[in-house]
Amino acid sequence: MFKSTTRVIVLLAVCLALAGCLQEKKADLIDKSKGIETVAELEKALGKPKEVSKIGPLEQWIYEASDGKLVFSIVAGRVALEHTEDKK
């Protein structure tokens with residue numbers, strides 16, 4: 001029983017480590033988002049954002065990458081890359 005539990009724990013740890021390695025980098029997400037102007041295009045290219053914040057008519061969609069974050073500003077359905085952040 002102990003060996004089985006240990007194997008499962010090791011397997012889970014390896015899977016989590018690989019999942020982190022497989023996450024895309026900021027540059028990959030920027031390349032995918034080039035030329036995008038609308039919310040629908042952004043969501044089609046990058047999927048749902050990790051986080052959304054809204055202040056009045058301004059929305060910020062935040063996507064996480066393996067090396068940081070991308071923050072897109074959205075006003076009236078129009079998209080602009082606001083800035084990127086390095087991973088801390």
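Residues numbered from 1 in each chain as written. Predicted model: local features only at pLDDT ≥ 70, side-chain atom pairs only at ≥ 80, totals over all residues. Heavy atoms only, no water.

(A) Spatial organisation of the sheet that holds strand β2 (residues 58-65). An order of β1-β2-β3-β4 is seen for the four strands of this open sheet, with the pairing classed as antiparallel. Of all the strands in the sheet, the pair left with one neighbour each is β1 (51-55) and β4 (78-86). Strand-to-strand twist across the sheet, computed as the mean angle between neighbouring axes with direction ignored, equals 20 degrees. With respect to the sheet, helix α2 (residues 26-33) is in contact with β2, β3 (68-75) and β4, its orientation differing from that of β3 by roughly 25 degrees. Most of the contacts of helix α3 (residues 39-46) go to β2, to which it runs at about 10 degrees, and overall it touches β2, β3 and β4. (Pairing = 2+ DSSP bridges. Helix = DSSP H or I, 4+ residues; strand = E, 2+ residues; numbered from the N terminus. Axes fitted to C-alpha atoms, helices over the stretch in contact; angles between N-to-C directions. Contact = heavy atoms within 4.5 Å.)

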